[in-house]
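Residue strings, one per chain:
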Amino acid sequence: MSGLTLRLKAPANERINLSGITPGRLAALSAHEIARLNVGFDKVGLPLGDAFDVSGSAGETLTIEGSGAQLDYAGSELDSGTLRIVGNTGAYTARRMSGGKLEIRGNAGDFLASGMTGGIIHVSGNAGNSAGGFIPGDRFGMLGGIAVIEGNVGMRVGEKMRRGTIIVRGKTGEGAGSRMIGGTIWAEGGIGPRPGLMMRRGTLIGPSVEELLPTFADCGKHDLVITRVLSCYLKSVLGDLAPKPMPLFVQKIGGDLATIGRGEILLPAS
Amino acid sequence: MSTTVNGIQIDDTFAEAFGMSGTGIIITADSMKWARIAATVATGFGTSVIGCGAECGIDRELSPDETPDGRPGVRILIFGFSPDALVPQIRNRIGQCVLTSPGSACYAGLKAAQSIGLGKAPRFFGDGFQTAKKLGDSRYWRVPVMDGEFVVEEETGVTTDAVGGGNVLIVGKDRAGLLETAEAAVDAIAKIDDVITPFPGGIVRSGSKVGAKYAGMFASSNDAFCPTLRGTVKSELGPDTLAVLEIVIDGLTSKAVADAMRAGLKAITDTGAKRGVTRVTAGNYGGKLGQHHYHLKELI
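Bear in mind that the values here come from a model prediction, so they are computed numbers and not experimental data.

Enquirer: Looking at this structure, I do not really get the pairing of strand E4 (residues 61–67) of chain A. What am I missing?
Expert: Each regular strand shows side chains that alternate between the opposite faces of the sheet. Residues and elements named next belong to chain A. In terms of residue burial, E4 counts as a mostly covered element, since 5 of its 7 residues are buried. Direction of pairing for strand E1 (residues 4–8) relative to E4: parallel, over a ladder of 4 bridges. The partner of Arg-7 across the bridge, within E4, is Glu-65. Direction of pairing for E4 relative to strand E6 (residues 82–87): parallel, over a ladder of 6 bridges. Each residue of the ladder has a partner; that of Glu-65, found in E6, is Val-86.

Enquirer: Would you mind going over the packing of aromatic side chains with me for this structure?
Expert: Both the distance between ring centres and the angle between the ring planes are used here to describe each pair of aromatic rings. Taken as a whole, this structure holds 5 aromatic pairs over all chains when the rule is applied. Between Tyr73(A) and Tyr92(A), the aromatic rings sit 4.9 Å apart at their centres with planes inclined by 20 degrees, giving stacked as the arrangement. Here the residue Tyr73(A) occupies a position in the loop between strand E5 (71–72) and E6, and Tyr92(A) occupies one in the loop between E6 and strand E7 (101–105), the gap between them amounting to 19 residues. Taken together, a centroid distance of 6.4 Å and an interplanar angle of 40 degrees make the contact between Phe18(B) and Phe81(B) tilted. Here Phe18(B) is found in strand E3 (residues 14–28), whereas its partner Phe81(B) is found in the loop between strand E5 (73–80) and helix H3 (83–98), with 63 residues between them in sequence. Through successive ring pairs, a cluster of aromatic residues spans Phe41(A), Tyr73(A), Tyr92(A) and Phe111(A). The ring of Trp141(B) has Arg123(B) lying over it, and the distance from NZ or CZ to the ring centre is 4.3 Å.

About the criteria used
- Residues numbered from 1 in each chain as written.
- Chains lettered and ligands numbered in written order.
- Predicted model: local features only at pLDDT ≥ 70, side-chain atom pairs only at ≥ 80, totals over all residues.
- Heavy atoms only, no water.
- Buried < 20%, exposed > 50% of the residue type's maximum accessible area, 1.4 Å probe, protein only.
- Helix = DSSP H or I, 4+ residues; strand = E, 2+ residues; numbered from the N terminus.
- Pairing = 2+ DSSP bridges.
- Phe/Tyr/Trp six-rings, centres within 6.5 Å; stacked < 30°, edge-to-face > 60°.
- Lys NZ or Arg CZ within 6 Å of the ring centre and 35° of its normal.

Structure below.
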């Protein structure tokens, strides 16, 4: 694989902070400077060269191998190029990512894509709780971009999400789209129980929903042009990663009527 | 010194065109029939900026794989003197003619550095029930209407490099044959992208000169090209001329206008002579009106 490769020397016995370890940033540094980057959390710090073997030449692609759940903030601040992570990642993966592509060949921890504004994430495994959700101190969750998760996601995916698209090939956990302000969550495997608590706007799409909150109302069967626009857009950006288009008619469930009720859950119309 | 092509005299003159602002809009619907209806109505009364506020027309039809929603569509072009002048035109035409048309949706039809509101005003028809969906760099408004939702993109591109007033004057001795030839030329021009021929059927019979003897008239009949005035005014027409028809072309780029004029001229010279076309010329104001000059000799 071309580009720069960071290979974890040994299973990490402390949390590693990969914040800002992006292809673009590393391309501007010498090998010596890369090795001296601090990837630790505590005051002592941890030089990148102590934790990883560095090989290849810096460029548009950066590969991190031998990673694990101790690796936090992987892909955070990514703005261009491709970052490949072979293995699992910890929390806050793709935090405030604004562009480029992040490929995770494993599972992602909690708070995947929090504050993300652009780019594409592809997780081949599962994602933890609050994917695309907000973290304390933030006003919103995900703000743009696309995350494709091949497996399942945990609780409260897209909490306070404002823009962007999350595609889940599997199922979502409880409370998907809680307090959602905008954006789209498309769960091809189904939407977990009680989605959209206090959602103001935004769209949840899936073949089924486990349990609806009483503050959602059935708006009936519709042929919505926006689902076609969404499908065409995702196909153009994601190619084969795009979800299969919804059938022509969808059942719209509007809510959360406990707030302004502009949100929606779209299910195939029977 | 004129040139003759296939028996038709081509005057050594040029069409004089001027800079304009132009925008493109894609209109889709459940069927091509309804996309075409919405587009035709939205571009109606859009012949000349002198009296219409904008020059409008259908550029081309789009297959489902060319539109943002995978439905059949039509791309229209709207031209005006400035981006600001296009704002009320777009607001009114989209609001009155596309929003109202069954099954329609409306999207940006031009990518450009500068943009202009497309759904910014019509969205308010939703009375607070409208919602937006931002996908990539585009924001789409969903306005509840009685047959579902009217989806309209917030903005479309606008260019200030557009050209208005490319033209060809077809002169002949058979009015019906002249019209057939002009129709063939319009059909040939329709195959060129990024241009429209805004007049009825693409053809103008009322070529104009600048100004008039009456106060308040910005333009008036081009008496030099009116056959019935031959002999009473300083006419540009020979004794056998019975009629003159003009084709006016607006384009998003100067190249598109030149390509369209070339296509039109070829259609005229290919079959015009047997239909009574004797001469082709062009309208200009001595080079004082616009910066774009399309010399007929360079286009044949």
